[in-house]
Amino acid sequence: MRKFCFFSLVFALVSTAPIAGAEDYEYRTIRDPRSLTAEQSRQAEANYQRYCSLCHGADRQGYVNDHAPSLRSKSLFRSGVPHEVLRPIQYGRDGTAMGGYLDEIGGPLTLDETWDLTYWLFWQADTDRVRITKELVKGDAARGAALYAENCTDCHGAGGEGVNAPALGNPSALSHNSDEFIRYAIREGRDGTPMEPWKDRLSSNDIDNLTAFLRSRASGWEQSKVVLRDVPTPDQYVINGQGADPEFDLQDGLYVSAADLLAAMEDKKRMVLLDTRVTSVWQRVHIEGAVPMPYYSDFDAIVGDLPKDVQIVAYCSCPRAAADDVVRRLRRRGFTRTATLYEGIFGWMNMGYPVINGKSE
């Protein structure tokens, strides 16, 4: 309950000077969220390094893997604490490499730990918060579509899927982010990243139009509740236990192609498939027979469950960063029959290869 008590506070509003170029906007700073104890901060930092640094960077700089955004951008934390930062940590971003880390959906963190990590990130950003309303932005989505096509597709993709920047048409992001949060990001940009502020390049009306268009990208998307599958036990790790061993021609001594892996599976070759993403996304979709073994696992504790005489293929969605990390760690522990799926699971699915979808209701 202590994590929710701050909703009962009456925030003190402190006037700030109008933002340059914002002729009809005046954002106001609000009271900071609660502080963390020394132990909470220590644990939150350890959790960040273990679970987040692979993609977001050890210094929170972002764009280390899979276009993961900067988590030290002051503009993000001015407008995004708590929920716009908390919810993606807890529930992930469907269709991206960002999985949900909340234990209720198969992740490794408790509810308290996700809140502590959110607040730790805020305090590391060293900035004030601004009051972001929950009101809907009224704009012309059709005009916004033209603006998006003209200004945003190179980085965010024609369908908001993300090219070298975060996916903007993501249904889980749009369900968690308020219109005002989206508008603030467009206006102010994300300092320390390629995302520049647009407040001096677009009128306030056009920023509203662009916001309305992005909000419209959520139309028609349906969220379903995932029913958690049972995680395989060690006696279930090997698929096709009576089959022959595959003989892969590994690129750079490390990578197996999706086509070669599919052929080996169709030929009932004996293998272990490791899904190295956070377990919550394994719950949603995975290659049949794959074992959830996240990149942050304690491999010293689990290597005894893995056979050294069986071909192990690891995959992730980065498309290779997490799997590469797992394979390197296994090789340091004496596992020689190891490989990374080159295309990752998104490439695998885009090629039309089969996956097991998570149970839902």
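Predicted model only: the values in this text are computed from it and were never measured.

Thresholds applied
Residues numbered from 1 in each chain as written. Predicted model: local features only at pLDDT ≥ 70, side-chain atom pairs only at ≥ 80, totals over all residues. Heavy atoms only, no water. Axes fitted to C-alpha atoms, helices over the stretch in contact; angles between N-to-C directions. Helix = DSSP H or I, 4+ residues; strand = E, 2+ residues; numbered from the N terminus. Parallel < 35°, antiparallel > 145°, perpendicular 65-115°, else oblique. Contact = heavy atoms within 4.5 Å. Nonpolar A, V, L, I, M, F, W, Y, C, P; charged D, E, K, R; others polar. Core = buried A, V, L, I, M, F, W, Y, C linked by side-chain atoms within 4.5 Å. Buried < 20%, exposed > 50% of the residue type's maximum accessible area, 1.4 Å probe, protein only. Disulfide = S-S within 2.5 Å. Salt bridge = Lys/Arg side-chain N within 4 Å of Asp/Glu carboxyl O. Polar contact = N/O pair within 3.5 Å; in protein donor to acceptor, adjacent residues only side chain to side chain.

Contact geometry for helix α6 (residues 141-151) and helix α10 (residues 204-216): axes closest at 7 Å, N-to-C directions at 95°. In terms of orientation, α6 and α10 fall into the roughly perpendicular class. Of α10, the residues touching α6 (which contributes A141, R143, G144, A145, L147 and Y148) are D206, N209, L210, A212, F213, L214 and S216. Taken together, the residues that form the contact of α6 with α10 break down as eight nonpolar, three polar and two charged.

With 54 residues, the main nonpolar core has F77, L117, L121, L274, M293, L306 and L330 as its most contacted residues. In terms of residue count, the dominant contributor to this core is helix α5 (residues 111-125) (seven residues). Judged by nonpolar contacts, the second largest core, of 20 residues, contains I239, L261, A290 and L341.

The subject of this paragraph is the state of the cysteines. Counted by the stated rule, this structure contains zero disulfides. No disulfide involves C155; its sulfur sits 8.6 Å from that of C152, the nearest cysteine. Here C318 is not cross-linked by a disulfide; its sulfur's nearest cysteine counterpart is in C316, at 3.9 Å. Overall, the relative accessible area of 12% leaves C318 in the buried class.

The next point concerns the pattern of salt bridges. Under the definition given, this model contains 11 salt bridges. Where D245 meets R270, a salt bridge forms, and the shortest distance between an N and an O atom there is 3.1 Å. Of this pair, D245 sits in the loop between β4 (238-239) and β5 (255-256) while R270 is found in the loop between α11 (258-266) and β6 (271-275), placing the two residues 25 residues apart along the sequence. Relative accessible area serves as the criterion here: at 18%, R270 is assigned to the buried category.

Before going further, it helps to spend a moment on unusual backbone geometry. Looking along the chain, the bond that leaves V81 and enters P82 is cis, with omega of 10°. Mapped onto the elements, P82 comes out in the loop between α3 (74-79) and α4 (83-91). A cis geometry characterises the amide bond from C318 onward to P319, with omega recorded as 15°. Assignment of secondary structure puts P319 in the loop between β9 (311-315) and α14 (321-332). One non-glycine residue, Y63, adopts positive backbone phi at about 60°. Structurally, the position occupied by Y63 is in the loop between α2 (53-56) and α3. The phi dihedral of D252 is positive, around 55°, even though this residue is not glycine. Relative to the helices and strands, D252 resides in the loop between β4 and β5.

Take the side chain of R129 next. Looking at the element boundaries, R129 is found in strand β2 (residues 129-130). With relative accessibility at 2%, the residue R129 sits in the buried group. Of note is the side chain of R129, whose polar atom sits 3.2 Å from the backbone oxygen of V81.

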